[in-house]
Structure formats: structure tokens, C-alpha cells
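# Notes for the structure review
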Amino acid sequence: MFERGWTDGLPVIPPTAERVEAMLGGRDGGESLGPVPPAMGEATLARVAACAVLAGCRPAYFPVVAAAARAVLDPAFNLHGQAVTTQPAGQLVVVNGPVREAIGLNSGMGALGPGFRANLTIGRAVRLLVSLTGGAMPGAMDRATLGHMGKLGFCIAEDEEVSPWEPLHVERGFEPGQSVVTVIGSDAPLSISDHRSRTPEDLAYILAWAAASSWSTNWWPLADPSVFVICPEHVEMFRGAGWTKQRLRQFMFDVVRKPAGQLRRGETTPVVHAAAPDALVPKWTSPEAIVLLAAGGEAGRYSAVLGPCTGMGSQIVSREVT
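Being a predicted model, the structure only gives us computed values, none of them experimental. The residue count restarts for each chain, going from 1 along the sequence in the order it is written. Local features in this predicted model are restricted to residues of pLDDT 70 or higher, and side-chain atom pairs are both shown and tallied only at a pLDDT of 80 or more, whereas totals for entire chains, interfaces and linings draw on every residue. With hydrogens and water set aside, each side-chain value is computed from the structure's full complement of heavy atoms.

Only protein chains enter the accessibility calculation, which uses a 1.4 Å probe; a residue is then buried when its area is under 20% of its type maximum, exposed when over 50%, and partly exposed in between. Think of it this way: any DSSP run of H or I at least four residues long counts as a helix, any run of E at least two long counts as a strand, and we number them from the N terminus. The element strand S10 (residues 302-308) is extensively covered by neighbouring structure, given that 6 of its 7 residues are classed as buried. Paired strands, as defined in this entry, are two strands with at least two bridges between them according to DSSP. The pairing of strand S5 (residues 180-193) with S10 spans 6 bridges and is antiparallel. The partner of Ser 191 across the bridge, within S10, is Ala 304. Pairing analysis gives 3 bridges linking strand S6 (residues 226-230) to S10, with the strands arranged antiparallel. Bridge pairing in S10 places Val 229 opposite Ala 304.

Those residues of helix H9 (residues 232-240) not exposed but buried are Pro 232, His 234, Val 235, Met 237 and Phe 238. Should any heavy atoms of two residues lie within 4.5 Å, those residues are counted as being in contact. Contacts made by the buried residues of H9 are with S5, helix H8 (200-210), S6, helix H10 (245-255), strand S9 (290-294) and S10. Gly 242 sits one or two positions beyond H9 and adopts a positive phi of about 75°.

Once that is clear, we can look at the environment of Val 317. Relative to the assigned elements, Val 317 resides in strand S11 (residues 317-320). A sequence separation of 222 residues divides Val 317 from Val 95, and the C-alpha atoms of the two residues are 12 Å apart. In this structure, Val 317 is in contact with Ala 71, Asp 74, Ala 76, Phe 77, Arg 172, Val 181, Thr 182 and Val 183, ignoring residues within four places of it in sequence.

Before going further, it helps to spend a moment on unusual backbone geometry. Cis geometry marks the peptide bond from Pro 37 to Pro 38, where omega comes out at 5°. Along the chain, Pro 38 falls in the loop between strand S1 (32-36) and strand S2 (41-44). Here the residue pair Trp 220 and Pro 221 is connected by a cis peptide bond, since its omega of -5° sits within 30 degrees of zero. Positive phi values are uncommon outside glycine, yet Trp 215 reaches one of about 70°.

Quick look at the packing of helix H3 (residues 62-72) against helix H6 (residues 117-133) now. Geometry of a packed helix pair, given as the angle between the helix axes and the separation of the axes. At a closest axis distance of 10 Å, the pairing of H3 and H6 adopts a crossing angle of 45°. Looking at the two axes, H3 sits oblique to H6. Crossing of H3 over H6 shows right-handed handedness. Here H3 contributes Val 64, Val 65, Ala 68, Ala 69 and Val 72 to the contact with H6, which in turn contributes Ile 122, Ala 125, Val 126 and Leu 129. Charged residues are taken to be Asp, Glu, Lys and Arg, nonpolar residues to be Ala, Val, Leu, Ile, Met, Phe, Trp, Tyr, Cys and Pro, and polar residues to be all remaining types, Gly included. Split by residue class, the contact of H3 with H6 holds 9 nonpolar, no polar and no charged. Under this scheme, a helix contributes an axis fitted over its contacting stretch, all axes are lines through C-alpha atoms, and angles between N-to-C directions fall in the 0 to 180 degree range. What sets the label is the angle itself: under 35 degrees gives roughly parallel, over 145 gives roughly antiparallel, 65 to 115 gives roughly perpendicular, and the rest give oblique. Handedness of a crossing is defined here by the sense of rotation of the near helix relative to the far one, left-handed for an anticlockwise turn of less than a right angle and right-handed for a clockwise turn.

The topology assignment puts Phe 174 in the loop between helix H7 (168-171) and S5. Apart from residues no more than four positions distant in its own chain, Phe 174 is found in contact with His 169, Val 180, Ser 318 and Glu 320.

A word on the packing of H8 against H9. Where H8 contacts H9, the axes come no closer than 9 Å and their chain directions differ by 135°. Relative to H9, the element H8 is oriented oblique. You can see that H8 and H9 cross each other, and the crossing is left-handed. Residues Pro 200, Leu 203, Ala 204 and Leu 207 of H8 touch H9, and the partners they reach there are His 234, Met 237 and Phe 238. Its residues placed into classes, the contact of H8 with H9 shows 6 nonpolar, 1 polar and no charged.

The next thing to look at is the state of the cysteines. Only a pair of cysteine sulfur atoms within 2.5 Å counts as a disulfide in this structure description. For the structure on display, the rule yields 0 disulfides. For the unlinked cysteine Cys 155, the closest cysteine sulfur is that of Cys 57, found at 9.2 Å. The thiol of Cys 309 is not disulfide-bonded; the next cysteine sulfur, from Cys 155, is found 18 Å away.

So this is what it looks like as C-alpha cells:
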């Protein structure tokens, strides 16, 4: 299978007919989800199932894989741009709703790291679909200068039980009891340590300014989403102060601003060049460019920010798991 190019560089499970049928679980393998950019191979449900087998998924994971596949193939997500760009962006898969517990997705300790089969194999199956059916292999159509390890597999569940906030899928118009997959083009995580803030304002300031150099140090403002994964100890401070997601998002947006004159070096934007030198430019074009998720271990004040995939109009897309 290595010689045939059926791998992302790691060992894979042979996608025998029996295993693919087991993964499909009675679904019609001939159903087409559409073409997969950039090579535009057809994503039949059987091919998606084959990628899930290769990745090491259990059949119980397949509804999540299929929903994620439908989401990344939505034209609004612009998978083609993400697949061929020199940017490092991978496809972040965020899972909400009852399916998290049903299949053992990790939203707690090490949520962005190793150790949990469901997280790693679901994310890997999506990437294998892009690489094998879409032809986005590094050095071929995938032209990422560096890439990042999330391009092997990038899947996280939101910890809705720990969070005091409405979960991501509810923000996006779904019911709390629905199981939903949301996909976001994202850069690698940057860890944010804050063990000393004693007010929600101080903590929000630290979290927001950690993203000041995301994408590029002087590229202000960003229109595309920055994803903040907020750990339970940080979440607890906002819960205790009664801060909603909306209040936190607005505070973060308002506080990260610099005079245009300080941003006129290296890679910057037309907004910066058009502004007066002392005009304050925000890091984001709007508070809606800040995505907040709750996840992580119960001890340790480490959150993270995932920078955007930018410049190609990629939108966040959600699909219900059925």
C-alpha cells in the first residue's frame, strides 16, 4: 500500500471489500458526495468508507466521517484552495452533540493531542479523502511550504458539559440534542499559558493578544476565523464572572488594536496603508472572526489559538451527523 500511494506516510489498514461493507453499515456505497478537489475524484460513499478503513476508524465512527466529508466538500469551504495552497492550513473537524459520548471522542485532557482513536482516525480519514481521492499529496498538488501535523488528522470534540456557554453547533443554528460536525480551515495550535490572571479582563487580554501575530505579525485585520480552545480553568474564571461567549468575543476584539504606523513593516494590508499613522487597526475585521471552544484537561491553565486559513474566502461549514 505504501508503493501504491495509499497512505499519508503512516501504516494503514487494508480496505478489503468486507471491511468497506462493514464500515458502510448497509448504506449505499454508490451514493456520490461530489468531486474532491483538487484532482476532482468522485467521493462515493464507498470511497469515503475506504478512507475510514485505511485510517483505522471503527464502523461506529463512520456517520461522523461522512458528515465531515459532506462539510469539506461544500463549495463554501473552498477545499480546492486549501488543498493546493502554500499555506500550512489543515481541516479542523469539531464535533458537538450526543455522538461525542457515543463513540468516545476526547474533549478533555490532551484534546488536541494523541491517545484517542476516535479523534485521530476521524480526522485522518478526512485528510486521506483529500489526499487520495482529491490528489492533494505533498510535493504533488499539495504545495504547502511547511504544513503542520494537523494535516495528518485534526479532530476535536467540544466539552459541552464543562462549558458555561452555548456550544458551537447551537451558535450555528442547530438544536442542543443534534449531533453536528463543523469544519474550519485552521493553522497549527499555539499554546497560551496564563496561570496568574485574577480577573476575566486580564485573562481575556492575554488570550486575545496571543493571537496578535497569527497569520503574520503585521497582517491586520484578519477576516478569517481564529479558533480559541479555552481550557476548563480559564473557562471557570469567565463562568464565575458571568461572561457570555458574546461578551468575551467582543472584549477580545476591542482590546487587540495597534496604530497603523506600527504595522507598516513587512507583510501588511491595504487597510493599514490607507489608515492614518495613529489610527487604531483591530486584529480582526469583526468579533465574529473569533471562534470560542471549551475543551482540555481539568488542571493546568493552558489554552490555545489556531490561526486562520486566509485569503481564499473559506467559510465555516456545519453538517448534522445522521
